[in-house]
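The lines below spell out each chain.
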Amino acid sequence: MMSFVSLLLVGIMFPAIQAKQFRKCELSQVLKDMDGFGGIALPEWICTVFHTSGYDTQTIVSNNGSTEYGLFQINNKFWCRDNQILQSRNICDISCDKFLDDDLTDDMICAKKILDKEGIDCWLAHKPLCSEKLEQWHCEKL
């Protein structure tokens, strides 16, 4: 019993993954280096990420036999590897669980690769929800 309590306390004090639920302007600050990359303005990214993951780094969605991870919902069939799809193309050369933490550096690098190879419409929310009327996705302080 004592070892269970000790293990529980260690798990609470040192969680394996530091997740983050961002707010719009906080995320805008973190993603500011993506502004203009591939011709995509920062408000388009903020809108797309909102409709994709709700700004939650721990979002995992099963989708037609594959799984999508993190803020950008990066797919394990093409972009990252996990133990679910052993034949992943793993174009970003990274473990999918890296997209579930609060460090967005690797997420942004992979999202840029996706944008370069597939375009912004790879994120299905972009075209119908985030390609025009973007005023609400701007932040005053950057």
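Along each chain, residues carry numbers from 1 onward, in the same order as the chain's sequence is written. Per-residue local features of the predicted model are confined to residues with pLDDT of at least 70, and side-chain atom pairs are confined, for both listing and counting, to 80 or more; whole-chain, interface and lining totals are unaffected and use all residues. Side-chain measures were taken over the full set of non-hydrogen atoms in the model, leaving aside hydrogen atoms and water.

**Student:** Help me understand the pattern of salt bridges, please; the structure alone is not making it clear to me.
**Tutor:** Pairing between side chains of opposite charge can happen when their charged atoms approach one another. A pairing counts as a salt bridge when a side-chain nitrogen of Lys or Arg comes within 4 Å of a carboxyl oxygen of Asp or Glu. A full pass over the atoms with the stated rule returns 2 salt bridges. Between E26 and K20 there is a salt bridge, with the nearest N and O atoms lying 2.8 Å from each other. A residue is classified by how much of its surface remains accessible, and E26, at 22% relative accessible area, is partly exposed. Residue exposure (1.4 Å probe, protein chains only): buried if accessible area is under 20% of the type maximum, exposed if over 50%, otherwise partly exposed. Overall, the relative accessible area of 28% leaves K20 in the partly exposed class.

**Student:** What's the story with the confidence of the model for the chain in this structure? I'm lost.
**Tutor:** Regions with low pLDDT should not have their predicted coordinates read in detail. pLDDT is a residue-level measure of predictor confidence that goes from 0 to 100. Summarising the model, the chain shows a mean pLDDT of 88, and 87% of its residues fall at 70 or more. Scored below 50 in pLDDT, residues 1–15 shows 0 contacts in the model against residues more than four places distant or in partner chains. Here, two residues are considered to be in contact whenever any of their heavy atoms come within 4.5 Å of each other.

**Student:** Where do I start with the state of the cysteines in this structure?
**Tutor:** Note: disulfide means a covalent bond formed between the sulfur atoms of two cysteine side chains. The criterion for a disulfide is a pair of cysteine sulfur atoms lying within 2.5 Å. Tallying each qualifying case throughout the model produces 4 disulfides. With its sulfur 2.0 Å from that of its partner, C80 forms a disulfide with C96. Between C80 and C96 the sulfur-sulfur dihedral comes to about 95°; the bridge is accordingly right-handed. In this pair, C80 is assigned in the loop between strand 3 (74–75) and helix 4 (105–118) and C96 in the loop between strand 3 and helix 4, connecting sequence segments 16 residues apart. Accessibility expressed as a relative area gives 0% for C80, which makes it buried. Overall, the relative accessible area of 0% leaves C96 in the buried class. Put simply, DSSP H or I for four residues or longer makes a helix, DSSP E for two residues or longer makes a strand, and each gets a number counted from the N terminus.

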